[in-house]
Structure formats: structure tokens, C-alpha cells
Amino acid sequence: MIAIPLVAQREIEANLAIALIDHYAVTLERPQAIAIAREAIQNLAETGGRQMAINLGSNSLTDLAQVVREVWARENALDVVFIDSLRDRLAFDVHRCRYAELYDRLGIREMGLHLSCCRDAAFARGFNPAIQMERTQTIMEGAPSCDFRFRLAL
């Protein structure tokens, strides 16, 4: 199986997700259709986090930093600056996000939070239930950077 970069996978998924949301919005209110899609996307991300931990054979914050570097940021999808990478905390900022650029190009920037950003905390929770994520801003919402802060609840 050929592993495609995550940003390319998100483009494929976005087209399908938007078509489904638009179709469901005919019957449901659009916010309800988005909420249902967001919940399904977060469930997929949590399952993906569990599977990644299994694949790595470990689920520490050091391992999560590796996932950020090798999977999330693959092919320069993210311009990441690591601030802290300790046993009990991981902090980094993203200064360029090709995921946000992708949704801009597709004309659906407002959906980026629901299709991509909402995955991050769910992925971390699946990766290791003791990892808690905090983020106060995203490029997707117009901020100059995304601030990812993870801590291990001991």
C-alpha cells in the first residue's frame, strides 16, 4: 500500500465530506449536518491515533512529536517550530499550514476547522488517553500561527 501525504489525503476527503454535508443539509439544518460530520471525523482521528500508537509500539509525547514531524508535516505541509519537547509536555507552533491553504484553494476555508483542525485533540486522545491538548488559535481561523500545547496528565 502506498502511503500518500496527509495533506493530499485531506484534499480527497474534503471533496467527499463537503458533498455529504451539502446533501445532508437538504434534510437537516446545515449546522446539524456539520456537527454530525465533525463527530465522525473526530472518531476517525481518535481511531487513527490508537492505530499510530500501536504501529509505533509506544505512545509518549516524544513519539507524538515524531508523528508531527513525519506524518502531519510531511512534504512541508506544516512549518513547525518546536518550543518544548519533554517527557511530560510538548509545545510547538505552526507558522505555515498547507492544510489551510488547501481549504482556501478549494473555496471552503470556513470548513477547515471541521474537516482538519478538529482532528488534532481527538488524535492525541486516541494516541494516549493521558495526553491533553490545548490550542488557543489557528491559522485556519485567521491567526498568524497555531499554538499546540500537549501535556501528559500524570
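Residues numbered from 1 in each chain as written. Predicted model: local features only at pLDDT ≥ 70, side-chain atom pairs only at ≥ 80, totals over all residues. Heavy atoms only, no water.

Draft legend 1. Representation of unusual backbone geometry. Unusually for a residue other than glycine, E75 sits at a positive phi of about 55 degrees. Its location among the elements puts E75 in the loop between α3 (61-72) and β1 (78-85). Classification of E75 as exposed rests on a relative accessible area of 51%. One non-glycine residue, N76, adopts positive backbone phi at about 60 degrees. Structurally, N76 can be placed in the loop between α3 and β1. (Helix = DSSP H or I, 4+ residues; strand = E, 2+ residues; numbered from the N terminus. Buried < 20%, exposed > 50% of the residue type's maximum accessible area, 1.4 Å probe, protein only.)

Draft legend 2. Broad picture of helix α4 (residues 98-106). The complete set of buried residues in α4 reads Y99, A100, L102 and Y103. Projected down its long axis, α4 carries its buried residues within an arc of 155 degrees, all on one side. Where α4 is buried, its residues meet α1 (6-27), α3, β1, β2 (89-97) and α5 (112-117). G107 sits one or two residues past α4 and shows a positive phi near 75 degrees. (Arc of directions from axis to C-beta. Contact = heavy atoms within 4.5 Å.)

Draft legend 3. Looking closely at the packing of α1 against helix α2 (residues 30-56). Taken N-terminus to C-terminus, the directions of α1 and α2 make an angle of 135 degrees; their axes are 8 Å apart at the nearest point. Judged by the inter-axis angle, α1 sits oblique to α2. Where α1 crosses over α2, the handedness of that crossing is right-handed. In this structure, α1 contributes I21, D22, Y24 and A25 to the contact, and α2 contributes R30, A33, I34 and A37. Considering only residue class, the contact of α1 with α2 consists of 6 nonpolar, no polar and 2 charged. (Axes fitted to C-alpha atoms, helices over the stretch in contact; angles between N-to-C directions. Parallel < 35°, antiparallel > 145°, perpendicular 65-115°, else oblique. Left-handed = near helix turned anticlockwise from the far one by under 90°. Nonpolar A, V, L, I, M, F, W, Y, C, P; charged D, E, K, R; others polar.)

Geometric values such as these leave the question of function open.
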